[in-house]
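Structural description and commentary
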Amino acid sequence: MKTVIVLGGGMVGVSTALHLRRRNWDVVLVDRRAPGLETSYGNAGIIQSEAVEPFAMKRDLRSLFDIATGRTNDVHFHWGSLPQHVGPLLRYWWNSEGGRHRRIAAGWAALIAQATASHQGFIGEVGAEADALVRRQGYRTFYRNPAAFADAVATAERLRAEYGVTFAAMTPAQLASAEPALRQTGAGAIHWLAPWSVRDPGALVSAYAKLFSPNGGACRVGSAETLARTAQGWRVETADGPLEAEHVVLALGPWSPALLARYGLTFPMVRKRGYHRHYEGAALDLPLMDTDNGYVMAPMAKGLRITTGAELTAPDAPLTPVQLGRAETAARGLMDFGQGVEDEPWTGVRPCMPDMLPVIGAAPGQKGLWLNFGHGHQGFTLGPVSGQLLAQMMSGEATCADPAPFSPSRWTGARAAA
């Protein structure tokens, strides 16, 4: 039986471990905390099957000016940290050009198309505990400006024609009827019909992880920092002692590049910090994205969760939840809700690759080292299908999608050190 250590207990790591165990690998899942408590915990809880094209950076001068001058809440950055971001950001900007973005989207869409079915496979195995966390009625994007709404509807029509995405354009009156708690309904909304929403994202990851042990897998508390080569493969130290295996999978999200640098592997990454906080007493039916103010509010088990856009700062910088404050102010203009549930906001980092595609496959020049990270805003959505793809590659099977677009070797610096 082949042996493997999976490093990372988020949606991507848990899903990869489960798919490998299904293929009769001897699998140990290792993280410093219990599954589902890091980046996978802090998202808007939407399995975005409509996100058939990856999120591109705006390239027009007005949008770039608004970002640089802090006039948009989508992005907030600290000038002092810009030097460490500028290289990956320039690559991201370059890859966001129309033709390049369309080529990138072809590979991306092949994974997104399988997202909900891949989740359903795990949900069906877990049963009622997982199913109770999931709603299958979609989510909405809200527009105040009629011209912006018309542009969004045109884009949605294109996505329907090219990819089969389903949606309904809602008038202000229809939005008011669907969400009576809203004080204003602006120009209308787009109701994306196929996505699923989850009332506790971390709990769903934890529920998936519960499938692991009964099927012969094991979970251990340990640090990925202890990863080391052995004569036969790889070793990691855990609270229960050292583990050794022929193979290791790095599913560490934003922490992956720093660890890989030890082995002469360089992966540029745009590390986007995000925030969320829960609030009491809101009557929202489905998640709502406020496009003008760069946030999502979603009904969760702990209350109304407001999540922010991207903050670009140093990894160890103190919390500066400027965007969350702006988002809360805008949200209170839309509906009534109470005070914050937590004393402090939650924060986490989204691992975005400059070409918007995750890194899935064998690490160049490092036998037995496999990678599955860099899903940007969609690790929660894509974890199960990307875990399936990597498990198929590791097992020598036919794959559910072409793995070439996600190859680690596409990065010129991703080579073993001489």
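The notes below deal with the structure included here. In this text, all values refer to a predicted model and were calculated from it rather than measured experimentally.

This part covers the sheet that holds strand S1 (residues 3-7). If you walk across this open sheet you meet the 6 strands as S10-S2-S1-S14-S22-S21, and the pairing is mixed. Whereas interior strands pair on both sides, the edge strands pair on one side only; in this sheet they are strand S10 (218-221) and strand S21 (359-362). Between one strand and the next, the sheet's axes are offset by a mean angle of 20 degrees, whatever the strand orientation. Note: S1 against strand S14 (residues 247-250), 4 bridges, orientation parallel.

Another aspect to go through is the side chain of His-375. Here His-375 lies in the loop between strand S22 (369-373) and helix H12 (379-394). A distance of 3.0 Å separates the side chain of His-375 from the side chain of Ser-386, its partner in a polar contact. Filtering out sequence-adjacent residues up to four positions away, His-375 remains in contact with Val-12, Trp-108, Pro-351, Pro-358, Leu-382 and Ser-386.

In this section: helix H7 (residues 146-163). With 18 residues, H7 extends 25 Å between its outermost C-alpha atoms, agreeing within 8% with the 26 Å of an ideal straight helix rising 1.5 Å per residue. Of the surrounding elements, those touching the buried residues of H7 are strand S6 (139-143), strand S7 (167-170) and strand S8 (188-192). Backbone nitrogen of Ala-147 and a side-chain oxygen of the N-cap are separated by 2.8 Å at the start of H7; the cap is Asn-145. In the stretch just after H7, Gly-164 is the one whose phi turns positive, near 80 degrees.

Let us now look at the sheet that holds strand S9 (residues 196-198). Strand order in the open sheet formed by 3 strands is S3-S9-S5, with antiparallel pairing between adjacent strands. The open sheet is flanked by strand S3 (46-47) and strand S5 (134-135), the only strands paired with a single partner. Where S5 meets S9, 2 bridges bridge the pair, whose relative direction is antiparallel. Bridge pairing in S9 places Arg-135 opposite Ser-197. Along the sheet, helix H5 (residues 115-126) contacts S3, S5 and S9; its crossing angle with S9, the most-contacted strand, is approximately 45 degrees.

Moving on to unusual backbone geometry. Look at Asn-24: it is not a glycine, yet its phi comes out positive at around 70 degrees. Its place among the elements puts Asn-24 in the loop between helix H1 (11-22) and strand S2 (26-31). In this model, Met-356 sits at a positive phi of 70 degrees, which is unusual for a non-glycine residue. Residue placement: Met-356 occurs in the loop between strand S20 (346-352) and S21.

Counted under the stated rule, the structure contains 7 aromatic pairs. Between Phe-267 and Phe-373, the aromatic rings sit 5.6 Å apart at their centres with planes inclined by 85 degrees, giving edge-to-face as the arrangement. Note that Phe-267 is positioned in the loop between helix H10 (256-260) and strand S15 (270-279) and Phe-373 in strand S22, a separation of 106 residues in sequence. A relative accessible area of 5% means that Phe-267 is categorised as buried. Among the residues examined, Phe-373 registers a relative accessible area of 1% and is labelled buried. Here Arg-100 stacks its cationic end above the ring of Trp-94, 3.5 Å away from the centre of that ring. Its end group placed over the ring of Trp-196, Arg-136 keeps NZ or CZ at 4.5 Å from the ring centre.

Looking at the secondary structure, you find Ser-213 in the loop between helix H9 (201-209) and S10. Considering only alpha carbons, one finds Ser-213 and Leu-29, 184 residues apart in sequence, at a separation of 10.0 Å.

We now examine the pairing of S2. Most of S2 is tucked away: 5 of the 6 residues are buried. Across 5 bridges, S1 lies against S2 in parallel orientation. The residue bridging Val-4 from the neighbouring strand is Val-27, located in S2. You can see the chain leave S1, run along H1 and come back into S2, and the turn it takes is right-handed. In this structure, S2 lies alongside S10, joined through 4 bridges in parallel fashion.

Residues Leu-20, Ile-190 and Leu-204 are the most contacted members of the largest nonpolar core, which totals 66 residues. At 7 residues, H12 tops the list of elements feeding residues into this core. Among residues more than four places away in sequence, those in contact with Ile-190 are Tyr-139, Arg-140, Thr-141, Tyr-143, Phe-149, Ala-152, Val-153, Ala-156, Phe-167 and Ala-168.

Reading the values: the criteria
Position numbers for residues start from 1 in each chain and track the written sequence from start to end. Under the rules for a predicted model, residues below a pLDDT of 70 receive no local features and side-chain atom pairs below 80 are neither given nor counted, while totals for whole chains, interfaces and linings still include all residues. Water and hydrogen atoms were dropped before computing side-chain values, which therefore reflect all heavy atoms in the structure. For two strands to be treated as a pair, DSSP must find no fewer than two bridges joining them. The helix and strand labels rest on DSSP assignments: H or I over at least four residues marks a helix, E over at least two residues marks a strand, and numbering proceeds from the N terminus. Fitted lines through C-alpha atoms serve as axes, helices being fitted only where they are in contact, and the angles separating the N-to-C directions of these axes extend from 0 to 180 degrees. A 3.5 Å cut-off defines polar contacts: any pair of N or O atoms within that distance qualifies, except that in protein one atom must be a possible hydrogen donor and the other a possible acceptor, and neighbouring residues in sequence count only when both atoms are side-chain atoms. Every residue pair with non-hydrogen atoms within 4.5 Å of one another is taken to be in contact. Each residue after the first adds 1.5 Å to the expected span of a helix. Note on aromatic pairs: the rings of Phe, Tyr and Trp (six-membered ring only in Trp) are paired at centre separations within 6.5 Å, and the planes decide the class, stacked below 30 degrees, edge-to-face beyond 60, tilted for the rest. The buried label goes to any residue with under 20% of its type's maximum accessible area, the exposed label to any with over 50%, and the partly exposed label to all in between, with areas taken from a 1.4 Å probe on protein chains only. Two conditions define a charge sitting above a ring: the NZ of Lys or the CZ of Arg must be within 6 Å of the ring centre, and it must be within 35 degrees of the ring normal. Call a crossover right-handed when, viewed with both strands pointing away from you, the route from the first strand across the helix to the second goes clockwise. Only buried Ala, Val, Leu, Ile, Met, Phe, Trp, Tyr and Cys residues count toward a nonpolar core, and they belong to the same one when joined by side-chain atoms within 4.5 Å.

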